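Here are the chains, one letter per residue:
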Protein chains: 2
Amino acid sequence: MTDPIIRFATIDDCQSIYDLILELAIYEKAEDQVKISVEDLKKDGFGDKPLFECIVAEISGKVIGFALFFTNYSTWKGPCLYLEDFAVFPEYRGKGVGKAIFNKLLDLAKKRKVGRFAWQVLDWNTSAIEFYNGYKADLDEEWVNCRINFK
Amino acid sequence: MTDPIIRFATIDDCQSIYDLILELAIYEKAEDQVKISVEDLKKDGFGDKPLFECIVAEISGKVIGFALFFTNYSTWKGPCLYLEDFAVFPEYRGKGVGKAIFNKLLDLAKKRKVGRFAWQVLDWNTSAIEFYNGYKADLDEEWVNCRINFK
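Here's what I pulled together on the structure shown here. Because the structure is predicted, anything quoted here is derived from the model rather than measured. (Residues numbered from 1 in each chain as written. Chains lettered and ligands numbered in written order. Predicted model: local features only at pLDDT ≥ 70, side-chain atom pairs only at ≥ 80, totals over all residues. Heavy atoms only, no water.)

## Focus: the interface of chain A and chain B
To keep it simple, the criterion reads: In this analysis, two residues are considered to be in contact whenever any of their non-hydrogen atoms come within 4.5 Å of each other. When two parts are brought into contact, each loses some accessible area as probed by a 1.4 Å sphere; the total of that loss over both is the buried area. Salt bridge, as used here, is a side-chain nitrogen of Lys or Arg placed within 4 Å of a carboxyl oxygen of Asp or Glu. The definition of a polar contact used here is a pair of N or O atoms within 3.5 Å, where within protein one atom must be able to donate a hydrogen and the other to accept one, and adjacent residues in sequence count solely through side-chain atom pairs. As a working rule, the residues Ala, Val, Leu, Ile, Met, Phe, Trp, Tyr, Cys and Pro are called nonpolar, Asp, Glu, Lys and Arg charged, and the rest polar, with Gly in that last group. Any two strands are treated as partners once DSSP identifies two or more bridges connecting them. Counting from the N terminus, the helices are the DSSP runs of H or I reaching at least four residues and the strands are the DSSP runs of E reaching at least two.
Listed as interface residues are 58 residues of chain A and, on the opposing side, 58 residues of chain B. Of all residues in chain A, the largest losses of buried area upon contact with chain B belong to Tyr73, Trp76 and Trp143 of chain A, amounting jointly to 16% of the total for that side. Linking chain A with chain B are two salt bridges, by the criterion used here. When the shortest N-O distance is used, the salt bridge between Arg147 of chain B and Asp140 of chain A registers 3.1 Å. The interface formed by chain A and chain B contains 38 residue pairs in polar contact (both at pLDDT 80 or more). Split by residue class, the side of chain A that touches chain B holds 31 nonpolar, 10 polar and 17 charged. With seven bridges connecting them, strand S7 (residues 143-149) of chain A and strand S5 (residues 116-122) of chain B associate as antiparallel partners. Note that in S5 of chain B the partner of Cys146 of chain A across the bridge is Trp119 of chain B.

## Section: the layout of surface pockets
Put simply, the test is: Here a cavity means grid points, on a 1 Å grid over the protein atoms only, where a 1.4 Å probe fits yet cannot get out; a pocket means an open set of points with protein on both sides within 12 Å along at least five of seven lines; lining residues are those with an atom within 4 Å of a point. Grid points are joined across faces, edges and corners, and a volume is the space filled by probe spheres set on the points.
Size it by volume and the second largest pocket reaches roughly 800 Å³. Taken together, 21 residues line the second largest pocket, and the ones lying closest to its centre are Pro50, Leu51 and Thr71 of chain A together with Pro50 and Leu51 of chain B. A class-by-class count of the residues in the lining of the second largest pocket yields 10 nonpolar, three polar and eight charged.

## Some words on the relation of the copies chain A and chain B
The line we're drawing: Copies are brought into register by a least-squares superposition over C-alpha atoms of residues with pLDDT of at least 70 in both.
Of the transformation superimposing chain A on chain B, the axial component is 0.0 Å and the angular component is 180°, with the fit at an RMSD of 0.0 Å. Interpreted geometrically, this transformation is the action of a two-fold axis. Both copies share a contact surface, since 100% of the interface residues of chain A are interface residues in chain B too.

## Here we look at a negative patch on the surface
What counts is decided by this rule: Residues form patches when they are more than 30% accessible in relative terms and have no salt bridge. Like charges link within 9 Å. Nonpolar side chains (Val, Leu, Ile, Met, Phe, Trp, Tyr) link within 5 Å. What sets the accessible areas is the Shrake-Rupley method with a 1.4 Å probe; for residues, cover comes only from the shown protein chains. In this charge count, Lys and Arg are treated as positive and Asp and Glu as negative; neither His nor the chain ends contribute. Lysine's charge is taken at NZ, arginine's at CZ, aspartate's at CG and glutamate's at CD.
A cluster of acidic side chains, namely Asp123, Glu141 and Glu142 of chain A together with Asp123, Glu141 and Glu142 of chain B, defines a negative patch on the protein surface. Assignment of secondary structure puts Glu142 of chain A in the loop between strand S6 (138-140) and S7.

## Focus on the packing of aromatic side chains
All names here are of chain A. The condition that has to hold: Two aromatic rings, drawn from Phe, Tyr or Trp (for Trp, its six-membered ring), form a pair once their centres lie within 6.5 Å of each other, and the interplanar angle then sorts them: stacked below 30 degrees, edge-to-face above 60, tilted otherwise. Two thresholds decide whether a charge sits over a ring: the Lys NZ or Arg CZ must be within 6 Å of the ring centre and within 35 degrees of the ring normal.
Tallying each qualifying case throughout the model produces 32 aromatic pairs over all chains. Site record: aromatic cluster; members linked through ring pairs are Phe86, Phe102, Phe117, Trp119, Phe131, Tyr132 and Tyr135. A cation sits over an aromatic face here: Lys29 above Trp124, 4.3 Å from the ring centre.

## Details of the sheet that holds S7 of chain A
Strand pairing in a sheet is mediated by backbone hydrogen bonds. Such pairs are either parallel or antiparallel. To keep things clear, this is the line we draw: Structural elements are reduced to axes, namely lines fitted to C-alpha atoms, with helices fitted over the stretch in contact, and the angle between N-to-C directions of any two is expressed from 0 to 180 degrees.
Strand order in the open sheet formed by seven strands is S1(B)-S2(B)-S3(B)-S4(B)-S5(B)-S7(A)-S6(B), and the pairing between neighbours is mixed. Each of the sheet's edge strands pairs with one partner strand only, and the pair in question is strand S1 (5-8) and strand S6 (138-140) of chain B. Along the sheet, successive strands turn relative to each other by an average axial angle of 25°, direction set aside. With seven bridges joining them, strand S2 (residues 53-59) of chain B and strand S3 (residues 62-74) of chain B adopt antiparallel strand pairing.

## Some remarks on the pattern of salt bridges
All names here are of chain A. This is how it is decided: Each residue gets one of three labels from its accessible area relative to the maximum for its type: buried under 20%, exposed over 50%, partly exposed in between, using a 1.4 Å probe on protein chains only.
Counting across every chain of the model gives 12 salt bridges over all chains. Between Asp44 and Lys43 there is a salt bridge whose closest N-O contact spans 3.2 Å. On the basis of relative accessibility, which here comes to 54%, the residue Lys43 falls in the exposed class. Through salt bridges with shared partners, a single network forms among Arg7, Asp13 and Glu58.

It is worth stressing that arrangement in space is one thing and function is another; only the former is reported here.
Set out below in structure tokens:
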């Protein structure tokens, strides 16, 4: 496999990004939780006030992986980079694509001098946890997510 | 005690907000983690591109509680409201101040039609968990926080 191109997403990538989001949600047993559409991604990420940024991995013109992230704020660390979603299509896994995407994110976090680069992982997703352990990430089960869902 | 005024914070509230952040960090046994300053709060929250919003509770001209939040993005739910930090000075607790602040946030979340209102709680903070259970929040320990701290 040739090395993927890692680049910022454009509005034309939204269908592929949506497909990857859905693919990951199915893996996470949460397909029914996905309430957004391709049009929402176009509007929310590529309009006047983008609510997220996105990088994609591309091989031979096909988007095969993505990471969707944004700047959030910690009252302890100041501006931080938060990785909301990150996936590679199954047939392209185990070939370093995820690592290429993740390294790009780490570089961005360092360049922007944020206080923290953060994300979440499901406690049963051992392959993802192993991947993140390779980066010496601090995994912490002391904080519990609280949510009131409207959608 | 008279009812507190619940209002959006101004730049002049940043010292009080900082004091509340530090107070809460001490309670959470993480005082050494607080790397921001009052000046950072002024710059990050009240400049050209605010990274957060903040509401405060005020009694007789004194800020006694706060909630710091921002819009984040869920690839499942779209734009969401995220509550980053929320505290009331100890001597004013148990008097409905936290509830007044939290109700204001819930109202905001509904008015803005976000997909989710979310935050985190420490698993040993039983009084906070009890408070959130009163709102029928969904508490979920399946997702683990991952962090690479730069500060």
